[in-house]
Amino acid sequence: MRFGLFAKSLVVMVVLAIVPVLFFAYRAVTVSEQSIETSVLELNTKLAEKLAIQIDSYFIFTDRQMVFLFASLQKNLTWEDKSELLRTSMAVDADIKEISFLTEAGREILRFPDASAGAVPANRAEEPGFKQYLATRKRTLWLKADPPGVEIFYPLQNNLAGRVQLSLEKLADNIASESVGGTGFAVLIGKSGEPLYYAKDRLDEAVTKEMPQWPLVQSALKAPGVVSETIAGKDLIGAAQSLGTIGGAILILQARSEAYASVAAMKQSSLIALIIVAVGAVLGAAFLAKRLTKPLLELSKAAQAIAQGQFDTQVKINTRDELRDLADTFNQMTMQLKTYAEMQVDKLVVAQQKTDAILFSIADGILMTDAEDAVQLVNRRARELLGVAQDAEINGKPVPEAIPASKLREAVSKGVGGGKGFVDVDLSTPTTRKFMRLTQQPVFSSRTKEILGLVTGLHDATVEKELDRMKDDFMRNITADIRTPLITASQRTQSLMRGADGPLTDNQKRSLSILSQALTMQMLSISNAYDIATIDSGKLPVKLAPARISDIASRAAAMLQPLAAEKSLAVAVDGVGAEPPIPIDANMIEKVLTNLIVNAIKYTAAGGVRVGFADAGAALQITVADSGVGIPANYLQKVFHKFERVPDVPGAGVGLGLAVAKSFVEAHRGKIWAESQPQKGSRFIFTIPKNLSTDAKGEVTSR
């Protein structure tokens, strides 16, 4: 006959004598009171943690989105692609109100959505957020309370800064609407402890002023984590969670009188209930302990064995009650767990075999490392390229320990930089040419988006590099072959114009002048093509020697004066010989000035071209100004790219002159840029450091 555990307990409780347990009841009530108070604080703590996670997640997602956006905008994309990328980003995230680009001086050079026509670009030099960014030159967030918003500044190339303005109205409304019970509410405090976002009717002005001095607030601001406590001198309890992404913290406040209102009622009801229950429970425990302890201990030991992976563990309990049913169920569970574990092992083995087969078949090398730079995965091809034996056990070892020293290992450790997404490693020998292209991509957790490691791809790029070399050699050779007869023809034309073969008529002089100008322009175009091929090949020697740039500008202006005279223009050079000589490559600087002056003549119908000089401290600043058609704002950067021209402008060339000028200026460690307004002329400005020198490797350096 089955006699259940419930029946046994009931009989024992009725039969045995009733012994008062007032002491235990008192302890139970005390513990309950402490538990309620702890639970209230824990509830506020959990809510603070939840809100902090939501806020941090919002800013982390937005930050990654903006980092990706600015990285994409700095790539070689067309203006239409960049505009579409900006529009898409703002359409996807309605909180993004404005994206702009700022110079180092805080001047806004581009804003999206576009500013109204004729509007003066904003200057944010005196704004506190931009000042804080300049102090660190790192990503900077500046929160605003009214209206709720944030400005985020990102460092970009060429000393530019990206500025993103986000509306935090939704975030502020969510915080203001958060409530706990009847009086609890949430407050977002800034880095200095000042309350920013909260329900305005919950706090009076006096409380907001003294809030930064609360120990709860100070604790949350000084160290990451969550804290909770009763606020001294106030009918308030609170919990605070620091915010790692924006500084400050999220604060949950609740009236203490409301939070602990149930404690008094709990005392009375708990005492009554505990006294009633304790009468039977304490007396029955003496009889049941012996029968229950042994089976429960056996189940506990078996559960520990299961937790350690011993799925064949079985429990034997012979009691005729629910404990035996529990043991039988436990044994069935262990059998199912054992079967399931064996199935999962088989699946993992099959998946591993498939992965190994795929990695073995890939022609490129694959190497995966974790966040500590330890090898986690390497395929056959990567072992060959890195010089690692196929049977060598390198998983879990750091890269310097797992891979033999070589140029390739050095490149893997150094990583991919420069914004190209890859780096080519020259492994050539005196008899063979070999290049290895190395690419790297981070590995993210699908759940937390945390970076888990890095995947490195190794691709043999010898063929691609050889094709590039052949193309560059072809361009240099063909331009050199074309340039020689052009020079001869130009010299012969000049000789005829000087009367070498006898007097010339006016028409003949006119024809020869036109021919000479055409030959000059053709030689300049061929020279630019030759220079571009030389630049692309990486063979751009800079031969420094003292010279005055104003003298060079004067020669270039004199050479191009006939071209300007055809359009009734004058080319003027200010301050010739006024500045001291500085070390430069005179041929390169002459080509820079020639290209800039030719461009100015091309696009100027009336007025003239002027070359000016200014002392910029450690550098000399040169300006070529014209009164021509000007350049649209969205093309001020593009015109320095190869083959880039302003559309619908008559007389435009192939778009190489400004690209050559930019490369030659940068070879002198200088900078070049353009300033212009449509129909009001253009100014091309470049700087050359005064103290250039060449190091032992032949590289140009500026002291």
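Quick caveat: nothing in here was measured; it's all calculated off a predicted structure. (Residues numbered from 1 in each chain as written. Predicted model: local features only at pLDDT ≥ 70, side-chain atom pairs only at ≥ 80, totals over all residues. Heavy atoms only, no water.)

S.K.: Could you give me a rundown of the sheet that holds strand β4 (residues 149-155), with the residues and numbers involved?
M.R.: Here five strands make up an open sheet; going across it, the order is β2-β1-β5-β4-β3 and the pairing antiparallel. The open sheet terminates on both sides in strands that have one partner only, identified here as β2 (108-112) and β3 (140-144). On average, adjacent strands in this sheet sit at an angle of 15° to one another, irrespective of strand direction. Where strand β1 (residues 96-102) and strand β5 (residues 161-167) come together, six bridges link them in antiparallel fashion. Bridging from a neighbouring strand, L102 pairs with A161 of β5. (Pairing = 2+ DSSP bridges. Helix = DSSP H or I, 4+ residues; strand = E, 2+ residues; numbered from the N terminus. Axes fitted to C-alpha atoms, helices over the stretch in contact; angles between N-to-C directions.)

S.K.: Tell me about unusual backbone geometry, and please be specific about residues and values.
M.R.: Omega for the peptide link from F112 to P113 comes to 5°, which places this bond in the cis form. Residue P147 is bonded to the preceding D146 through a cis peptide linkage, with omega at -5°. Inspection of the secondary structure puts P147 in the loop between β3 and β4. Of note, the phi angle at D373 is positive, near 65°, even though the residue is not glycine. As for its placement among the helices and strands, D373 is situated in the loop between β12 (365-370) and β13 (375-378). Assessed through its relative accessible area of 31%, D373 is described here as partly exposed. (Buried < 20%, exposed > 50% of the residue type's maximum accessible area, 1.4 Å probe, protein only.)

S.K.: Report on the packing of helix α16 (residues 549-565) against helix α17 (residues 586-602), specifying residues and quantitative values.
M.R.: Contact geometry of α16 with α17 gives a least axis separation of 9 Å together with a crossing angle of 40°. Accordingly, the angle class assigned to the pair α16 and α17 is oblique. The handedness of the crossing between α16 and α17 comes out as right-handed. Of the residues in α17, those in contact with I549, I552, A553, R555, A556, A557, M559, L560, L563 and A564 of α16 are A586, I589, E590, L593, T594, I597, V598 and I601. (Parallel < 35°, antiparallel > 145°, perpendicular 65-115°, else oblique. Left-handed = near helix turned anticlockwise from the far one by under 90°. Contact = heavy atoms within 4.5 Å.)

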